[in-house]
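What the coordinates show
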Amino acid sequence: MTTTTTPVVAHTREELKAAREALPSRDVAVVMTMGALHDGHAHLIRAARQRHAHVVVTIFLNPLQFGPKEDLSRYPRTFDSDMEICTTAGVDVVFAPTPDVVYPDGDPGVRVAAGPLGEVLEGASRPGHFDGVLTVVGKLLHLTAARSAYFGQKDAQQLLLIRRMVRDVDFPVDIVSVPTVREPDGLAMSSRNMYLTDSDREVALSLSRALRAGAEAARLGPSAVRRAAREVMVEEPLALVDYLVLVHPHTLQSVPEWYRGEALLAVAAKVGTTRLIDNAPLHLGPDGGAIDVFSDVPHARADV
Ligand code: AMP
């Protein structure tokens, strides 16, 4: 029989420090979230748990990464069920601060600048978003003093920028990525799926269908991938596409027709009132296909 212990909950910096210092080992991994936890988060936590003595989960709805017209005020808040998921997944400490704990002097005057990689794709639609993300990720890395931090491939551009920040300014932490966890029908799990009506949810399936169609054309090269994915989205006019792109996974620049190798097929679309994103890492070439999605196993392995 496995026993589960309720995690220690820390709301302040002092409580977090005390909880961290009470852990028997310094081998701590952090999983950063905005709450409204689902199986994708649980998978990240379990991947961290397998490799480290302790796991700290942060639950923080970071105002800095939301634009004035975005969904901060209606973002789902489900602390009790988040705690259940953290308990079952074996989390040691949950750090759930309020904005005044994270930003005691108000909006920070000094922020981490994401640079050009933060201005394309999500950054083009959400100006300043990645500066807000990197600033809070930097602060939470310092506050938790974690050795490793686990992030989902679901937010591929975020993951890329966090890796760049850690390399560019030498954070002493390993960044580990975990493949996207999907519903059995292919929809990428997301806290924002809670906003979808039944009919929205049907429409939302077009995103993963488009990625799958693109992945199936990966052997034929970039234009075949783009065409296959676009055809699926065109058939679903209720999904308002913001972008559907095939880019290099490190530069996020469109790959030319001659290109073979790793690429990222990424989509963002508005379904009803909800903006959804999804992506598929692909290998373009003779034995091409999806790298870690749409396998027969819905809960893909962590690439650790
Ligand atoms: P969020 O709470 O949406 O900010 O996500 C917190 C972390 O969970 C980020 O590293 C996300 O990339 C990751 N995540 C969110 N959804 C999924 C998913 N479906 N599969 C794997 N990781 C995910």
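Since we're looking at a predicted model, the values are computed, not measured.

Rules used in this analysis
Residues numbered from 1 in each chain as written. Predicted model: local features only at pLDDT ≥ 70, side-chain atom pairs only at ≥ 80, totals over all residues. Heavy atoms only, no water. Near = heavy atom within 4 Å. Polar contact = N/O pair within 3.5 Å; in protein donor to acceptor, adjacent residues only side chain to side chain. Areas by Shrake-Rupley, 256 points an atom, 1.4 Å probe, with all protein chains shown as cover. Helix = DSSP H or I, 4+ residues; strand = E, 2+ residues; numbered from the N terminus. Core = buried A, V, L, I, M, F, W, Y, C linked by side-chain atoms within 4.5 Å. Buried < 20%, exposed > 50% of the residue type's maximum accessible area, 1.4 Å probe, protein only. Domains from an automatic or database assignment. Contact = heavy atoms within 4.5 Å. Buried area = accessible area lost by both parts, 1.4 Å probe. Salt bridge = Lys/Arg side-chain N within 4 Å of Asp/Glu carboxyl O.

Among the 15 residues in the neighbourhood of the ligand, the closest are listed as Met-34, Gly-152, Asp-155, Val-181 and Met-189. In this structure, an oxygen atom belonging to the ligand sits 3.0 Å away from a side-chain N or O atom of His-41. Backbone polar atom of Val-181 to a nitrogen atom of the ligand: 2.8 Å apart, as the coordinates give it. Protein chains bury 93% of the 490 Å² of accessible surface belonging to the ligand in isolation. Of all the elements in the fold, those that place two or more residues in the shell around the ligand are strand 2 (28–33), helix 2 (39–51) and strand 5 (148–152). Among the elements that make up the shell around the ligand, the one with the highest residue count is helix 2 (three residues).

Val-137, Leu-141, Phe-151 and Ile-175 are the most contacted members of the largest nonpolar core, which has 46 residues in total. Here this core gets eight residues from one element, more than from any other, and that element is helix 6 (residues 129–144). In terms of domain composition, this core takes at least three residues from each of domain 1 (8–178) and domain 2 (191–290). If sequence neighbours within four positions are ignored, Val-137 has contacts with Met-32, Phe-151, Ile-162 and Met-165. Ala-215, Ala-239, Leu-265 and Val-267 belong to the second largest nonpolar core, which has 31 residues in total.

When the domains of the protein chain are assigned, the result is domain 1 (8–178) and domain 2 (191–290). One C-alpha centre belongs to domain 1, the other to domain 2, and the line joining them spans 26 Å. Taken together, the contact between domain 1 and domain 2 spans 22 residues of the former and 19 residues of the latter. Note on domain 1 versus domain 2: buried area summed over both sides is about 1,800 Å², and carbon and sulfur give 54% of it. Our count for the contact surface shared by domain 1 and domain 2 stands at two salt bridges. Residue Asp-71 is joined to Arg-192 by a salt bridge in which the shortest nitrogen-to-oxygen separation is 2.9 Å. Linking domain 1 with domain 2 are twelve residue pairs in polar contact (both at pLDDT 80 or more).

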